[in-house]
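Geometric and topological summary
If you want the building blocks of each chain, they are given just below.
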Amino acid sequence: MSDKPKIFLTRELPPETMAILREQSELTMNPEDRYLTKREIIEGVAGVDGLLCLLTDTIDDEILAANPALKVVSNFAVGFNNIDVEAATVRKIPVTNTPGVLTDTTADMAFALLLDAARRVSEGDRFVRTQAWQGWGPLQFLGSDVSNATLGLVGLGRIGRAMLPRAHGFSMKVLYWNRTRLTEQEEASLNVTYCELDDLLKESDFVSVHVALNETTRHLLGAREFALMKPQACLVNSARGPVVDEKALVTALQSGTIAGAGLDVYEQEPLLEPELYELDNVVIAPHLGSGTIGTRTKMGNMAAENCLAACHGQLPPNLVNPQIYA
Ligand code: DGY
């Protein structure tokens, strides 16, 4: 009998990670490149040591109950709002994530959305493809300047901080709002200014969201907050969709309350508020934040390492519920 742990994987990961998992575990997995249903996850998790899942899998107590001997839920993502961590903690199941490895890649994406929304790149691309372009014009597709503008960071965790060198590279002034304020020395060394959220919204030309999704951040930005923003301001969300009230955002974009938005995440992925497909002043990307070959490979290897460690009874390196060992 093999002494390799049994792992269930909910969707194929990059080749390097697949090789690690195939070599070091008895792997069963979703054979197709699609989401599994809850029923399929329940069936898959039965009798295994570890579950390696994705941000698109909702792992609730019913799934955890399907295998009382489960040793780990390893998420292939830094965000873990898709997992009922409280329920896992009650069951003493370690939950792990993939912090750090996707920080720069996600900040690159946030900045790409910011630049695109500001300079109307995707909108111009769509227009040129209609073959209706008659040549350069002094009033065509005028956007907003990014250089020297004010960027408001809602959340200054790893990815929020990674926005700083990018913003400073464009000589932007950076404001931030965060649950915990930095010390004055840290603020000075990072060249950022703390603001209450309302003040940040009033003063920023670009507002970029970098908070985790939890009950205190759900709909953190809605109609009241958009009304505080400048009419020429753009919102960027590369964090989690439900941090922004998507219906209220549509209204704000339609009415000109704000000028534009760059979105990588949505409240009900893969569904969007239908008006977003029609609005020209929004850039809509399909949750690509960590989407590079290098980064997805690092995330996969990290998720595999977390999963294998816990399956072998070791402390997994990226544990989000350390209280289970207390
Ligand atoms: C994460 O890891 O939470 C990201 O959203 C993946 O792109």
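Right above here is the structure, for reference.
An account of the accompanying structure is given in this report. (Residues numbered from 1 in each chain as written. Predicted model: local features only at pLDDT ≥ 70, side-chain atom pairs only at ≥ 80, totals over all residues. Heavy atoms only, no water.)

Some thoughts on the nonpolar core
Membership of the largest hydrophobic core comes to 79 residues, with the highest contact counts inside it found for Leu52, Phe206, Phe226, Leu235, Leu249 and Leu276. A total of eight residues in this core trace back to one element, the largest contributor, which is helix α5 (residues 103-119). Residues from two domains meet in this core; each of domain 1 (6-100 + 293-325) and domain 2 (103-284) gives at least three. Among the nonpolar cores identified, the runner-up in size contains 20 residues, and Val45, Val85, Ala88 and Ile93 belong to it. (Core = buried A, V, L, I, M, F, W, Y, C linked by side-chain atoms within 4.5 Å. Buried < 20%, exposed > 50% of the residue type's maximum accessible area, 1.4 Å probe, protein only. Helix = DSSP H or I, 4+ residues; strand = E, 2+ residues; numbered from the N terminus. Domains from an automatic or database assignment.)

Considering the site of the ligand
Lining the immediate surroundings of the ligand are Leu55, Ala77, Val78, Gly79, Leu102, Arg240, His287, Ser290 and Met299. Here an oxygen atom of the ligand sits 2.6 Å away from a polar atom, N or O, in the side chain of Arg240. Protein contacts shield 93% of the accessible area of the ligand, which totals 230 Å² for the unbound molecule. Of the residues that constitute the shell around the ligand, the class distribution is five nonpolar, three polar and one charged. (Near = heavy atom within 4 Å. Polar contact = N/O pair within 3.5 Å; in protein donor to acceptor, adjacent residues only side chain to side chain. Areas by Shrake-Rupley, 256 points an atom, 1.4 Å probe, with all protein chains shown as cover. Nonpolar A, V, L, I, M, F, W, Y, C, P; charged D, E, K, R; others polar.)

Some thoughts on the pairing of strand β9 (residues 206-209)
Here β9 shows no split at all, with Phe206 and Ser208 on one side and Val207 and Val209 on the other all buried. With four bridges joining them, strand β6 (residues 150-154) and β9 adopt parallel strand pairing. Each bridged residue has a counterpart across the sheet, and for Leu151 the counterpart in β9 is Phe206. In the sheet, β9 pairs with strand β10 (residues 234-237) via four bridges, with the strands oriented parallel. By the bridge assignment, Val209 is partnered in β10 with Asn237. (Pairing = 2+ DSSP bridges.)

Side note on helix α2 (residues 38-45)
What α2 keeps buried is the set Ile41, Ile42, Gly44 and Val45. When α2 is viewed along its axis, its buried side chains cluster within an angular range of 165° and face the same direction. On the buried face of α2, the contacting elements are β1 (6-9), β3 (50-53) and α3 (61-65). Positive backbone phi, approximately 80°, marks Gly47, located one or two places after α2. (Arc of directions from axis to C-beta. Contact = heavy atoms within 4.5 Å.)

A look at the pattern of salt bridges
The full count for this structure, using the stated rule, is 18 salt bridges. Where Arg11 meets Asp33, a salt bridge forms, and the shortest distance between an N and an O atom there is 2.8 Å. Taken together, the residues span a long stretch of sequence, with Arg11 in the loop between β1 and α1 (15-24) and Asp33 in the loop between β2 (26-29) and α2 at a distance of 22 residues. Of the residues examined, Arg11 reaches a relative accessible area of 18% and is grouped as buried. Exposure remark for Asp33: the relative accessible area of 65% places this residue in the exposed category. (Salt bridge = Lys/Arg side-chain N within 4 Å of Asp/Glu carboxyl O.)

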